[in-house]
Amino acid sequence: MGALNAELIKLKRSLAWPVVVLLPIVLVLAGAATQLADGEQPDDGWHTVWLQSVGFYGLFPLAIGIAILGSLAWRAEHRGSNWNALMSGPTSSWRIVVAKAAVIAGLSAIMQVILLAAVIAIGKLAFDLPGMLPGQYFGITILLVVATIPTALIQSALSMVMRSFAAPIAVALVAAGISTAALMAVGNAALISPYGLATRTALLGTGAFVDTGTITVGDITSIPIAIVLQTVVLIVVTTAVLERRDTRI
């Protein structure tokens, strides 16, 4: 709990909050911009608003957002003698790994909730759509919150070993693109990638890119299995890597 509390204290003045709040709002506005400018209504109501907002967001902005959060979470440790203080402190490696990943995943979860709220706001306030966003999209949002945990873990690991702020973000951009291409080529087999897992989950039910528009039993079973396996593996591997990192001169 000590490691997690320390990370939570750092969040009070963190630059992560603008990313968490603005990234999903900007992408939702961008998705609806053309129709708003033309004064048109979405062709398929709530589904169109969701597709325009989440369809592009899931391809690489989602991964980039999490990557920025990861770089911000580890930035302090790469300054001055903070790394040496971290490695010589009493906190075990696995607690550090879990605490960092928990904060990144928690911020990512808030980002998904803001995305959902922004979609609802655009649908009701800008397009005056009847009723409420269908329940399946609330379910997809909950699943997406959990599905981004492996991405949070791998970006935390990358930011841990890379002192550069931008390098882990560049890796996320490339990996998200490769994972999307893999999803289109081999389908759910690409869920082996944390980035492919996040993208596949975000696109559930949209009928865009790698999604057929129908949420199948295979999707509902393969995605949670991939989440659990990747989370366990990434925690173990990242902990092992951190334990072998030494103090810096």
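Right above here is the structure, for reference.
What counts and what doesn't
- Residues numbered from 1 in each chain as written.
- Predicted model: local features only at pLDDT ≥ 70, side-chain atom pairs only at ≥ 80, totals over all residues.
- Heavy atoms only, no water.
- Helix = DSSP H or I, 4+ residues; strand = E, 2+ residues; numbered from the N terminus.
- Expected span 1.5 Å × (residues − 1).
- Buried < 20%, exposed > 50% of the residue type's maximum accessible area, 1.4 Å probe, protein only.
- Contact = heavy atoms within 4.5 Å.
- Polar contact = N/O pair within 3.5 Å; in protein donor to acceptor, adjacent residues only side chain to side chain.
- Core = buried A, V, L, I, M, F, W, Y, C linked by side-chain atoms within 4.5 Å.
- Phe/Tyr/Trp six-rings, centres within 6.5 Å; stacked < 30°, edge-to-face > 60°.
- Lys NZ or Arg CZ within 6 Å of the ring centre and 35° of its normal.

J.: I'd love a proper account of helix α4 (residues 61-75), names of residues and values included.
T.: The first and last C-alpha atoms of α4 sit 21 Å apart over 15 residues, in line with the 21 Å expected at 1.5 Å per residue. With 13 of its 15 residues buried, α4 lies for the most part within the structure.

J.: Please give an account of the side chain of threonine 148 that cites residues and values.
T.: For threonine 148, the position within the fold is in the loop between α7 (135-147) and α8 (149-161). The residues contacting threonine 148, other than those within four sequence positions of it, are Leu62, Ile66, Ser108, Gln112 and Ala198.

J.: Now, about unusual backbone geometry: what can you tell me, with residues and values included?
T.: Phi is positive for aspartate 128, close to 55°, though the residue is something other than glycine. If you trace the backbone, aspartate 128 turns up in the loop between α6 (93-126) and α7. What makes aspartate 128 exposed here is its relative accessible area of 61%.

J.: Help me get a handle on α8, residues and values and all.
T.: Counted at 1.5 Å a residue, the expected span for α8 with its 13 residues is 18 Å, and the 19 Å between its end C-alpha atoms agrees. Of all 13 residues that make up α8, 10 are buried, and the element is covered over most of its length. All buried positions along α8 are accounted for by Pro150, Thr151, Ala152, Leu153, Gln155, Ser156, Ala157, Leu158, Ser159 and Met160.

J.: Outline the environment of glutamate 77, listing residues and values.
T.: Note on placement: glutamate 77 falls in the loop between α4 and α5 (82-88). The buried category is assigned to glutamate 77, whose relative accessible area is 7%. Sequence separation between glutamate 77 and leucine 203 is 126 residues; the distance between their C-alpha atoms is 35 Å. At 2.8 Å, the side chain of glutamate 77 forms a polar contact with the side chain of lysine 100.

J.: Let's hear about the nonpolar core: which residues, and what values?
T.: Nonpolar side chains tend toward joint burial in soluble globular proteins. Trp50 and Leu133 are the most contacted members of the largest nonpolar core, which has 58 residues in total. A total of 14 residues in this core trace back to one element, the largest contributor, which is α6. If we skip the residues at most four places from it in the chain, tryptophan 50 touches Gly55, Leu116, Val119, Leu133, Tyr137, Ile140, Thr141, Ala202 and Thr206. Counting nine residues, the second largest nonpolar core, distinct from the first, contains Ala63, Ala172, Ala175 and Ala176.

J.: Report on the packing of aromatic side chains, specifying residues and quantitative values.
T.: Counting across every chain of the model gives three aromatic pairs. Aromatic side chains phenylalanine 56 and phenylalanine 60 sit 5.2 Å apart centroid to centroid with 80° between the ring planes, which places their arrangement in the edge-to-face category. Judged by its relative accessible area of 31%, phenylalanine 60 falls in the partly exposed class. Over the aromatic face of tryptophan 74 sits the side chain of lysine 100, whose NZ or CZ is 4.8 Å from the ring centroid.

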